[in-house]
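Next come the chains, spelled out residue by residue.
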Amino acid sequence: MAATGTAIGQSITRGEGPDKVSGKAIYADISLPGMLWGRVLRSPYPYARIVSVDTSQAVALPGVHAVVTGQDMPDAKIGRRMVDMPILAQGVVRFVGEKVAAVAAADEDIADEALLLIEVVYEELDPVYDAEEAMSDDAPDLHPEMESYLGLPQPPSGIKNTFAHITWEKGDIEQGFKESDLIFEHSFSAQLMHQAYIEPHACVVSAEESGQVQIWANNKDPYMLRDQLASAWSVTAENIVLHPSTIGGDFGGKGSFMDVPLCYYLSKRSGRPVKMVMDYIQELMAGNPRHPAVMTIKTGVMKDGTIKARQARAVFDSGAYGAFKPTVYLRGADHLCGVYKVPHARIDSYTVYTNNVPRGHMRSPAKPQVVFAVESHMDMIAQELGLDAYEFRLKNVMREGDASPVGHHWQQIKAVETLEAAAKAGATRAMYVTLRLPLEIKDLFREWLADASPDRAARVMSLIRQTRGGRDYDADWSQRMKGTGPVAELIGARFKAAVKRYGLDAPLRPLDETQFRIPADARPQLELFG
């Protein structure tokens, strides 16, 4: 394709596309001569002390070339920014799925059998699963040595199990609430979410006698991975060679080290290349999913809908470790005031240890959780004030020259134009008929249609058929619905409101009756309008 200087409006072939569709792409799941299979024994408990580990039977199993436990690497910790995660558990396990021991064997079956021969004695401890409970003074201290961890934000938060606390503020929040006519406060929860890439984490590591280390891993950040490994292994970065591998799905989740550090120890102990591939049980048990969060937003407004103050608090459940995070703070929390003009604002974000699977990175860290909370909060305030949600946003959205709620200044702010374009695009009759109507009143419509007399049904359906023939819904349409029954009049009133609000002028897409889910016994009436 000739260079055009722009990709806008052009069909561009992805660089890796031909190799992927032809099967030429090289993924991390490769094979090397003499290669062994690595497997991991994981904790069945969310929080427990390791009393003893006996690997003697596994070591004696024919075909097993290496067995390692935390005792073989007592000081080895790793992390992308926060170095708080042992490569193998050191005396305690903090989540179901934490690595306790590993083996390298001639094939997968032998490796799996060897894991069954490792005997671990645990002393169970009381876990804490809720991040806000973990912050309380009487919660167990999950990381007593937290203040010694490399990468811990300084100064320490001073809050139990909370390794990151950051505050953004502008103006005087108390004064802002005093000046407000009304105050609204809502709390929102966002759930854990795995990235659900098709390809699980995989790696091959060959620790050579020369001291050089060859690595194939489905990792999108090879230079950062190399630096992490060099630090954990006490190996110079120059001796680590990473072979770029095609990644079979990322969505933010393929930046972590995962099994690579452990695979190195198995290779070094056995003197052979070692391959490790997680299955999806392990991915969901011990991957690095998106953070769950609890967010509370308190907003002061004037009676006309002008926002005066907003205070927000977000508590992110980090799980057992912070090692998988690309940044220690989840900067998406600074969006908790949204894109609106807020003279007085304060945001507090907390990232907290619990006995859950360690969280990591998914596209736009913390922002989907935050945007969900902010915009739901805006909708709820608008409803309480009796304002249109679109007009409420338009009244408060940032414009050119405005400072953000946390004091940032940007150029070429296009929030108003974006809102207006979205409103126009989203208010076509096609959207209103095929989405809003079925969602809001489909059950009432179904009940009415089932009970209506044939002539009344025929009148309503005739009017709908007219619009399907090309005639628009407009303000007069609601008048023609008069006398056909309360539900039909409600339908007309909804369209009349939409016409008035948005000035609708787009042609109507054919109505899909199947979206109304008409019951079988009402189907004969549908035939009245063809």
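Nothing here was measured: the structure is a model prediction, and the numbers come from that model. (Residues numbered from 1 in each chain as written. Predicted model: local features only at pLDDT ≥ 70, side-chain atom pairs only at ≥ 80, totals over all residues. Heavy atoms only, no water.)

1. Focus on the overall build of the chain
Within the chain, the secondary structure is distributed over 16 helices and 17 strands. Buried positions account for 51% of the 530 residues belonging to the chain. Here the analysis covers contacts within the chain between residues at least 6 apart in sequence; of these, 78% occur between residues at least 24 apart. For the chain, the accessible surface area stands at approximately 25,100 Å², while carbon and sulfur atoms represent 52% of it. (Helix = DSSP H or I, 4+ residues; strand = E, 2+ residues; numbered from the N terminus. Buried < 20%, exposed > 50% of the residue type's maximum accessible area, 1.4 Å probe, protein only. Contact = heavy atoms within 4.5 Å. Areas by Shrake-Rupley, 256 points an atom, 1.4 Å probe, with all protein chains shown as cover.)

2. With respect to the nonpolar core
In terms of nonpolar packing, the biggest core is built from 43 residues, with Ile215, Trp233 and Leu262 touching the most fellow members. Every element with two or more residues in this core is listed here: β1 (36–42), β3 (64–69), β7 (99–105), β11 (202–207), β12 (213–217), α6 (222–233), α7 (260–270) and β14 (274–277). Here this core takes six residues from α7, the largest share from any one element. Excluding residues within four positions of it along the chain, Ile215 makes contact with Val204, Val205, Leu229, Trp233, Ile240, Val241, Leu242, His243 and Val260. Judged by nonpolar contacts, the second largest core, of 40 residues, contains Cys337, Tyr340, Ala366 and Val416. (Core = buried A, V, L, I, M, F, W, Y, C linked by side-chain atoms within 4.5 Å.)

3. Comments concerning the packing of aromatic side chains
For any two aromatic rings, the description comes down to two numbers: the centre-to-centre distance and the angle of the planes. This structure, assessed with the given rule, holds seven aromatic pairs. Their ring planes at 40° and their centres at 5.1 Å tell us that Phe257 and Phe324 sit as a pair that is tilted. Residue Phe257 is located in the loop between β13 (240–243) and α7, and its partner Phe324 is located in the loop between β16 (307–319) and β17 (344–353); the two are separated by 67 residues in the primary sequence. Its relative accessible area of 3% is what places Phe257 among the buried residues. Judged by its relative accessible area of 2%, Phe324 falls in the buried class. What links up through ring pairs into an aromatic cluster is the set Trp233, Tyr264 and Tyr265. (Phe/Tyr/Trp six-rings, centres within 6.5 Å; stacked < 30°, edge-to-face > 60°.)

4. Regarding the packing of α6 against α7
Direction vectors running N to C along α6 and α7 enclose 50°, while the axes themselves pass 10 Å from each other. One way to sum up the angle between α6 and α7 is to call them oblique. As for how α6 packs across α7, the hand of that crossing is right-handed. Across the interface between the two elements, Leu229, Ala232 and Trp233 from α6 touch Val260, Pro261, Tyr264 and Tyr265 from α7. Counted by class, the contact of α6 with α7 contains seven nonpolar, no polar and no charged residues. (Axes fitted to C-alpha atoms, helices over the stretch in contact; angles between N-to-C directions. Parallel < 35°, antiparallel > 145°, perpendicular 65-115°, else oblique. Left-handed = near helix turned anticlockwise from the far one by under 90°. Nonpolar A, V, L, I, M, F, W, Y, C, P; charged D, E, K, R; others polar.)

5. Description of empty space enclosed by the protein
A full pass over the atoms with the stated rule returns six cavities of 30 Å³ or more. Considering only enclosed or pocket space, the largest cavity measures out at about 140 Å³ in volume. Around the largest cavity, the lining is made up of 15 residues, and of these Met85, Ile87, Lys99, Phe257 and Met258 lie nearest the centre. Looking at the second largest cavity, its volume works out to about 70 Å³. Lining the second largest cavity are 13 residues, and of these His201, Ala202, Asn218, Phe257 and Val260 lie nearest its centre. For the lining of the second largest cavity, the per-class residue count stands at eight nonpolar, four polar and one charged. (1 Å grid on protein atoms, 1.4 Å probe; cavity = no way out; pocket = protein on both sides within 12 Å on 5 of 7 lines; lining within 4 Å. Points joined across faces, edges and corners; volume = space filled by probe spheres on them.)

6. Let's talk about the sheet that holds β1
Sheet architecture is open: seven strands sit in the order β3-β7-β1-β14-β11-β12-β13, paired in mixed fashion. Only two strands of the sheet have a single partner each, and these edge strands are β3 and β13. Taken pair by pair, the neighbouring strands of this sheet meet at an average axis angle of 20°, ignoring direction. In the packing of α6 onto the sheet, the strands contacted are β12 and β13, and the crossing angle to β13 comes to about 145°. Lying on the sheet, α7 is in contact with β1, β3, β7, β11, β12 and β14; it crosses β11 at an angle near 35°. (Pairing = 2+ DSSP bridges.)

7. Regarding the environment of Ile166
Turning to its location among the elements, Ile166 is positioned in strand β9 (residues 162–170). A residue is classified by how much of its surface remains accessible, and Ile166, at 15% relative accessible area, is buried. Sequence separation of Ile166 and Ser349 is 183 residues, and the distance between their C-alpha atoms is 5.4 Å. With near-sequence residues (within four places) excluded, Ile166 lies in contact with Tyr329, Ile347, Asp348 and Ser349.

8. Some remarks on a negative patch on the surface
On the surface, Asp130, Glu133, Asp137 and Asp138 cluster together to form a negatively charged patch. Considering the arrangement of structural elements, one finds Asp130 in the loop between β8 (119–124) and α4 (131–134). (Patch = residues over 30% accessible without salt bridge, like charges linked within 9 Å, V, L, I, M, F, W, Y side chains within 5 Å. Salt bridge = Lys/Arg side-chain N within 4 Å of Asp/Glu carboxyl O. Lys, Arg positive; Asp, Glu negative; His and termini not counted. Charge placed at Lys NZ, Arg CZ, Asp CG, Glu CD.)

9. As for helix α3 (residues 108–116)
Side chains three or four residues apart in an α-helix point the same way, a direct result of the helix having 3.6 residues per turn. Those residues of α3 lying buried are Ala111, Ala114 and Leu115. The buried residues of α3 all sit within an arc of 100° when viewed along its axis, so they share a single face. Facing away from the buried side of α3 by over 90 degrees, the exposed positions are Asp109 and Leu116. Of the surrounding elements, those touching the buried residues of α3 are β1, α2 (56–60), β3 and β7. (Arc of directions from axis to C-beta.)

All quantities given are derived from atomic positions and should not be read as evidence of function.
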